[in-house]
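This is what each chain is made of:
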Amino acid sequence: MLSYLIRRILLLFPTLIGATALIFFVMELSPVNITSVLLSREGNAQAGERAAREAYLEKRYGLKKPPIVRYFKWLNAISPLGVKDPGVGFPSSWAVGFKTPDLGNSFKQSRPVGPIIMEALPVTLLLQSLAIPLSYMIAVMTGIWTAKHRGRIQDIGTGTGLLAMWSMPVIWVSVMLIGFFANNHYFPWFPTAELHEPAAAEWSFFPRGGHVGWLLDMGWHLILPVLCLTYGNFAYLSKLTRAALLDTLESDFVRTARAKGLPERVVLYRHAFRNSLLPLITVFASLLPALITGSVVVEKVFSIPGTGRMLVDSMLANDYELFLSVSTITLLLQLVGYLLADFAYVIADPRVSYE
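Residues numbered from 1 in each chain as written. Predicted model: local features only at pLDDT ≥ 70, side-chain atom pairs only at ≥ 80, totals over all residues. Heavy atoms only, no water.

(A) Local environment of the overall build of the chain. Across its full length, the chain carries 15 helices and four strands. Buried positions account for 38% of the 355 residues belonging to the chain. Considering only contacts within the chain whose residues lie at least 6 apart along the sequence, 67% involve residues at least 24 apart. Surface accessibility of the chain: about 20,300 Å² in total, with carbon and sulfur atoms responsible for 67%. (Helix = DSSP H or I, 4+ residues; strand = E, 2+ residues; numbered from the N terminus. Buried < 20%, exposed > 50% of the residue type's maximum accessible area, 1.4 Å probe, protein only. Contact = heavy atoms within 4.5 Å. Areas by Shrake-Rupley, 256 points an atom, 1.4 Å probe, with all protein chains shown as cover.)

Pasting the structure below:
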């Protein structure tokens, strides 16, 4: 197991480099020029002034250098191990060692990428930390319940409803929820955007003084976004749980446990369900990157300033250092998720071995 872990960790780095290189060079093919994006915010200027400003920006950001050179320069900047303060000479003036990663600067916001991500990341983590556990909890309960009633009206009705839920696009559901439950013409029960009321910063944390309080106000704003993030996940995971559990219930060891006279509850939960966890573990590994970018549509529709919305905005603005940084974090989470899934397989099923 240890040798497998070492191989997977060593394989993680070239995989990450290859994926980031692919994203970087695809962005290089974009017809949008970074210089034109930066100059467009300065309004009209005379030809000479614009040319001088364009030359300054190209020199400052190294835009005239070959893409391969700029990629490795960016890769060295974000890496915790690399060349520290490279000079002009080679190789005597180069010092290789551990350093503080530098994610670069946002072209659009004209400030470092790190603080921008740290401002948006807690918002997305809050959404996903509520949506993912809720999805799994509902999925496990409904999956087990439908498996126990296989072929009956409970199973057919629940399965039809889950299939219908999974088929509804998140963007459509989000707009419909706002249109019906945040509309003065129908049911103005929920807010339409953001995470707080404008005056919430002046309120106390808990209800007091005639106000609902900062915490309850945020919870009220989160109901519709979390609902949109949850319904599709638990519909899919519920069907997956049902299929895996039904497959396990046909196994010989389940028949043996029943032949021994064990209660059906013990057979279902202690023997069958544990051996049905592998598909859920596999899906959870793919959900780990959702902690960063899994709520793009919801954040856009509900105007929530999270990393998903930030990723889309940076891509549209050709803010490639911000886009690359978020993409790299997402890729890293994806690879770590697959690694954690392999260990979870061994915990859930001791028969799994990587030797």
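(B) The arrangement of unusual backbone geometry in detail. Unusually for a residue other than glycine, S303 sits at a positive phi of about 55°. Following the sequence through the fold, S303 ends up in the loop between α13 (296-301) and α14 (307-316).

(C) Up close: the layout of surface pockets. By volume, the second largest pocket is sized at about 500 Å³. Forming the boundary of the second largest pocket are 19 residues, of which L16, I78, S79, P80 and T328 lie nearest the centre. Within the residue set of the lining of the second largest pocket, elements represented by two or more residues are α1 (2-28), α4 (67-78) and α15 (320-348). Residue classes in the lining of the second largest pocket are distributed as 14 nonpolar, five polar and no charged. (1 Å grid on protein atoms, 1.4 Å probe; cavity = no way out; pocket = protein on both sides within 12 Å on 5 of 7 lines; lining within 4 Å. Points joined across faces, edges and corners; volume = space filled by probe spheres on them. Nonpolar A, V, L, I, M, F, W, Y, C, P; charged D, E, K, R; others polar.)

(D) A look at the packing of aromatic side chains. Within the structure shown, the criterion is met by eleven aromatic pairs. Seen from their ring centres, W166 and Y236 are 6.3 Å apart, and the 25° between their planes marks the pair as stacked. Of this pair, W166 sits in helix α6 (residues 153-167) while Y236 sits in helix α8 (residues 214-249), placing them 70 residues apart in sequence. Taken together, the aromatic side chains of F24, F25, Y71, F72 and W74 make up a single cluster linked through ring pairs. (Phe/Tyr/Trp six-rings, centres within 6.5 Å; stacked < 30°, edge-to-face > 60°.)

(E) Summary view of the environment of E202. If you trace the backbone, E202 turns up in the loop between α7 (170-181) and α8. Relative accessible area serves as the criterion here: at 75%, E202 is assigned to the exposed category. Once the C-alpha coordinates of E202 and G213 are considered, the two residues, eleven residues apart in sequence, prove to be 9.3 Å apart.

(F) Main features of the side chain of T20. Among the secondary structure elements, T20 is positioned in helix α1. Judged by its relative accessible area of 3%, T20 falls in the buried class.

(G) Representation of the pattern of salt bridges in the model. This structure, assessed with the given rule, holds seven salt bridges. Across the pair R111 and E119 runs a salt bridge, and its minimum N-O distance is 2.9 Å. Among the charged side chains, a network of salt bridges with common partners joins K300, R309 and D313. (Salt bridge = Lys/Arg side-chain N within 4 Å of Asp/Glu carboxyl O.)

(H) Region of interest: the confidence of the model for the chain. Here the chain averages 79 in pLDDT, and 84% of its residues register 70 or above. Counting interchain partners and residues more than four positions distant, the pLDDT-below-50 stretch residues 88-92 has two contacts. (pLDDT = per-residue confidence, 0-100.)

(I) Here's a closer look at the environment of V336. Structurally, V336 can be placed in helix α15. Under the relative-accessibility criterion, V336 is labelled partly exposed at 30%. Along the backbone, V336 and I9 are 327 residues apart, and their C-alpha atoms lie at a distance of 9.0 Å.

(J) View of the nonpolar core. In terms of nonpolar packing, the biggest core is built from 29 residues, with L127, Y136, L222, C228, L237, F302 and I304 touching the most fellow members. At the level of elements, α5 (113-148), α7, α8 and α11 (278-287) are the ones that each hand at least two residues to this core. For this core, the element with the most residues is α8, which contributes ten residues. Non-local contacts of C228, meaning those with residues more than four positions away in its chain, are made with V170, V173, S174, L177, V298 and F302. (Core = buried A, V, L, I, M, F, W, Y, C linked by side-chain atoms within 4.5 Å.)

(K) Main features of the packing of helix α9 (residues 252-259) against helix α10 (residues 264-272). Contact geometry for α9 and α10: axes closest at 10 Å, N-to-C directions at 150°. Here α9 is positioned roughly antiparallel relative to α10, judged by the angle of their axes. Note on packing geometry: the crossing formed by α9 with α10 is right-handed. Along the contact surface, α9 presents F253, V254, A257 and R258, while α10 presents E264, V267, H271 and A272. (Axes fitted to C-alpha atoms, helices over the stretch in contact; angles between N-to-C directions. Parallel < 35°, antiparallel > 145°, perpendicular 65-115°, else oblique. Left-handed = near helix turned anticlockwise from the far one by under 90°.)

(L) Looking closely at the packing of α5 against α8. Interaxial distance between α5 and α8 falls to 6 Å at its minimum, and their mutual angle equals 35°. The chirality of how α5 crosses α8 is right-handed. In terms of residue class, the contact of α5 with α8 is made up of 20 nonpolar, nine polar and one charged.

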